Amino acid sequence: MLTKPEAGWTEFHLEGTHTYTLSYTDRIASDWMGQAIHGLETMLPFCVKGFLEPGRVLCTVSYWNCHVIYGSDGSEPLSKSYTDWEISHTSMLQFCKYLSHDIEEYFDEWVLFDCGSYEENINLIDRDYMEEVRKELTGKLARLKELISEKECLFKEGQHFM
């Protein structure tokens, strides 16, 4: 779903949607895991966002599907020519599993990404801040994995949410 962050960019893709190249101007790992944790804790749909430079992508994660909306990042009214809406049959649980896997697989790169940096300028990062981000992501990843395990029973075939 998310590729390894490289040079301040990562790609976001769900089955049935375009691939969106997201900038490090958003704290993807921290923000997205925070939203996913809240969604699983409350069992309510949640939304994540990413900045494309230019443009913005919003992904509303519902129980059985994700709704991906691309639009301008300016203040002008949106027009249909600058807006796109796609649906992926990716459940909330599957989205959270993808997110957990992708953050864990490239954990060090996500720490740098969420620090607003990347490998080429690692020496410019405040080490204390980087350690804070590492601890934050470690805690969120552990909680997300715990919730995935806890809520898996709710996503069986034939399950309905109210």
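Located above this text is the structure these notes cover.
Residues numbered from 1 in each chain as written. Predicted model: local features only at pLDDT ≥ 70, side-chain atom pairs only at ≥ 80, totals over all residues. Heavy atoms only, no water.

Caption draft 1: Highlighting the packing of aromatic side chains. On inspection of all chains with the given rule, the structure shows five aromatic pairs. Between Phe46 and Phe95, the aromatic rings sit 5.8 Å apart at their centres with planes inclined by 70 degrees, giving edge-to-face as the arrangement. A residue pair is termed long-range when its members are at least 10 positions apart, and Phe46 in strand S3 (residues 46-51) and Phe95 in helix H2 (residues 92-105) qualify at 49 residues. You'll find Phe46 and Phe95 in the same group, each marked buried. Measuring from ring centre to ring centre gives 5.6 Å for Trp64 and Phe155, while their planes differ by 75 degrees; the resulting arrangement is edge-to-face. Of this pair, Trp64 sits in the loop between strand S4 (56-61) and strand S5 (66-71) while Phe155 is found in the segment after helix H4 (127-151), placing the two residues 91 residues apart along the sequence. The exposure class of Trp64 is partly exposed, given its relative accessible area of 29%. By relative accessible area, Phe155 is classed as buried at 11%. An aromatic cluster is defined as three or more aromatic residues linked by ring pairs; in this entry it consists of Phe12, Trp32, Phe46 and Phe95. (Phe/Tyr/Trp six-rings, centres within 6.5 Å; stacked < 30°, edge-to-face > 60°. Helix = DSSP H or I, 4+ residues; strand = E, 2+ residues; numbered from the N terminus. Buried < 20%, exposed > 50% of the residue type's maximum accessible area, 1.4 Å probe, protein only.)

Caption draft 2: Just the sheet that holds strand S6 (residues 84-88), in detail. The four strands are arranged S3-S4-S5-S6 in an open sheet whose pairing can be described as antiparallel. The open sheet has two edge strands, S3 and S6, and neither has a second partner. Ignoring which end each strand starts from, the neighbouring axes of this sheet average 15 degrees apart. The pairing of S3 with S4 spans six bridges and is antiparallel. Across the sheet, residue Phe46 finds its bridge partner in S4, namely Val61. (Pairing = 2+ DSSP bridges. Axes fitted to C-alpha atoms, helices over the stretch in contact; angles between N-to-C directions.)

Caption draft 3: Seen up close, the pattern of salt bridges. Throughout the structure, instances matching the rule amount to eleven salt bridges. As a salt-bridge pair, Lys49 and Asp26 come within 2.5 Å of each other at their nearest N and O atoms. Taken together, the positions of Lys49 in strand S3 and Asp26 in the loop between strand S2 (19-23) and helix H1 (28-42) put the pair 23 residues apart, joining distant regions of the chain. Taking relative accessible area as the criterion, Lys49 reaches 36% and is therefore assigned partly exposed. Note that Arg134 and Glu131 form a salt bridge whose closest N and O atoms lie 3.9 Å from each other. Taken as a pair, Arg134 and Glu131 lie in helix H4 at a separation of three residues, close to a single helical turn. Take Glu131: its relative accessible area is 37%, and that puts it in the partly exposed class. Salt bridges sharing partners connect three or more residues here, namely Arg27, Glu136 and Lys140. (Salt bridge = Lys/Arg side-chain N within 4 Å of Asp/Glu carboxyl O.)

Caption draft 4: Local environment of the pairing of strand S1 (residues 9-13). On S1, burial follows the alternation: Thr10 and Phe12 on one face are buried, whereas Trp9, Glu11 and His13 on the facing-out side are not. Hairpin connection of S1 to S2: five residues between the antiparallel strands, including Gly16 at a positive phi of 90 degrees.

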